[in-house]
Number of protein chains: 2
Amino acid sequence: MASSVREKIVNAALDRFHVLGFNACSVQNIVEQAGVPKGSFYNYFKSKELLALEVLGIYAQGVRTEMLADASIAPMDRLRGQFAFMAASYKGYGYGTGCLFETLATEASDQTPLIRNAVAQLFDHWTGLAATAIRDGQAAGDIHGHIDPERTARFLINSWQGAVVRMKVTNDNGPLEDFFAVGLAPLQRGT
Amino acid sequence: MASSVREKIVNAALDRFHVLGFNACSVQNIVEQAGVPKGSFYNYFKSKELLALEVLGIYAQGVRTEMLADASIAPMDRLRGQFAFMAASYKGYGYGTGCLFETLATEASDQTPLIRNAVAQLFDHWTGLAATAIRDGQAAGDIHGHIDPERTARFLINSWQGAVVRMKVTNDNGPLEDFFAVGLAPLQRGT
């Protein structure tokens, strides 16, 4: 079935982009992993970049950023919980594999404007949700009032990406633990 | 002259690895940029990975991490100064080009153990120097005493790499400014 070939390509791309990166992953790598004829690729995708956009969207839905705006959870628990959820997914892939956001962001360039825009929007959306959690925490008296919610949210999300960079080198979760201890914990009042 | 061909290859590799990344940069890309015959490459380098190691060492010497241990400069000024020096170099390359440390770190994998080890050692060395600056600042009463020097140094350096990831997407220095304001400034007592 046509839909099944398409699905195989998307699933294979999710894996291959994650492991190899966007630039080093060829259409050939993807169709081999998918077990479909190379000729079928362009029946479904006009370019590797458009496939990466779709894969990025699927990955983004899996990292539960919406948890950051869940008013039924205490704001600091939302922040910790969402990053911890991502940490658990990295553990599943193997720490050395990293995060697809980071991989695509770091390869973003003038040559891949669609990916650069998509990653920028995902980071901005994620930042907005984290800023909401910080503002809610300030309103509840749980998070220090002197903190700039937007700027701090950007910094935390960037710092998380940096922890992922170091994680790919150390191949363990030490950099993520440093993030929780030094980056996140100080937001909380009374700590 | 033989030495001149070698130098051309190293300089071309510094540029091409920086712009294209390690995986996407072929030996062909390097010899084209260097303007030397492809056959000459393997007279000087046994592999692309060994060339990357040499390039990484050259880049590392250029980022002035030794400034962090310079006792003639106030510790917070060392920390700010060294990151500001890196920021200035990114501006020179174009913010979208990023940082060679980050590029090689994020592509580090089981397939390139020499690069992974070299990047790990560079990060550890840099972390050690930043921790020294933090300890000196604590001894001088300029930096909050409750901060864990090693862990905070690791976090700051990782966060800087993350700011670089975001910088490659935004193509401006906003993420670096967020780092200075949210990551670095709070170390200083009386701020």
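Residues numbered from 1 in each chain as written. Chains lettered and ligands numbered in written order. Predicted model: local features only at pLDDT ≥ 70, side-chain atom pairs only at ≥ 80, totals over all residues. Heavy atoms only, no water.

An unreviewed UniProt entry annotates chain A as TetR/AcrR family transcriptional regulator of Lichenifustis flavocetrariae.

Asks: Residue-level account of the pattern of salt bridges, with values.
Replies: Considering all chains together, one arrives at 20 salt bridges over all chains under this definition. Linking glutamate 102 of chain A and lysine 168 of chain A is a salt bridge whose minimum nitrogen-to-oxygen distance equals 3.5 Å. With glutamate 102 of chain A in helix α6 (residues 100–107) and lysine 168 of chain A in helix α8 (residues 149–170), this residue pair connects regions lying 66 residues apart in the sequence. You'll find glutamate 102 of chain A and lysine 168 of chain A in the same group, each marked buried. One continuous salt-bridge network, built from bridges that share partners, spans Arg151 and Arg154 of chain A together with Asp178 of chain B. (Salt bridge = Lys/Arg side-chain N within 4 Å of Asp/Glu carboxyl O. Helix = DSSP H or I, 4+ residues; strand = E, 2+ residues; numbered from the N terminus. Buried < 20%, exposed > 50% of the residue type's maximum accessible area, 1.4 Å probe, protein only.)

Asks: Break down the packing of aromatic side chains for me, citing the residues and quoting the values.
Replies: Across all of its chains, the model carries 31 aromatic pairs over all chains by this definition. A cation over an aromatic ring shows up here: lysine 48 of chain A above the ring of phenylalanine 22 of chain A, its NZ or CZ 4.2 Å from the ring centre. (Phe/Tyr/Trp six-rings, centres within 6.5 Å; stacked < 30°, edge-to-face > 60°. Lys NZ or Arg CZ within 6 Å of the ring centre and 35° of its normal.)

Asks: Hey, could you go over the layout of surface pockets for me, with residue numbers and the actual values?
Replies: Roughly 920 Å³ of internal volume is contained in the largest pocket. Val182 and Pro186 of chain A together with Val182, Pro186 and Leu187 of chain B are, among the 30 residues lining the largest pocket, the residues nearest its centre. Contributing elements (two or more residues each) for the lining of the largest pocket: α8 and α9 (174–184) of chain A together with α8 (149–170) and α9 (174–184) of chain B. Looking at the lining of the largest pocket residue by residue, the class counts come to 15 nonpolar, 11 polar and four charged. Going through the elements one at a time, α1 (2–20) and α6 of chain A are the ones with two or more residues in the lining of the second largest pocket. No other element matches the four residues that α1 of chain A contributes to the lining of the second largest pocket. The class makeup of the residues in the lining of the second largest pocket is six nonpolar, 13 polar and six charged. (1 Å grid on protein atoms, 1.4 Å probe; cavity = no way out; pocket = protein on both sides within 12 Å on 5 of 7 lines; lining within 4 Å. Points joined across faces, edges and corners; volume = space filled by probe spheres on them. Nonpolar A, V, L, I, M, F, W, Y, C, P; charged D, E, K, R; others polar.)

Asks: Requested: an account of the domain arrangement of chain A, with residues and values cited.
Replies: All names here are of chain A. Assigned domains of chain A: these are domain 1 (2–55) and domain 2 (62–187). Placing the centre of domain 1 and that of domain 2 at their C-alpha centroids yields a distance of 27 Å. Domain 1 puts 12 residues into the contact, and the matching count from domain 2 is 14 residues. In total, about 1100 Å² of surface goes out of reach between domain 1 and domain 2, with carbon and sulfur atoms giving 69% of it. For the pair domain 1 and domain 2, the interface holds zero salt bridges. Elements represented by at least two residues in the side of domain 1 that touches domain 2 include exactly α1 and α4 (48–61). When residues of the side of domain 1 that touches domain 2 are assigned to their parent elements, the largest contribution, five residues, is made by α4. Here the residues of the side of domain 1 that touches domain 2 sort into eight nonpolar, three polar and one charged. (Domains from an automatic or database assignment. Contact = heavy atoms within 4.5 Å. Buried area = accessible area lost by both parts, 1.4 Å probe.)

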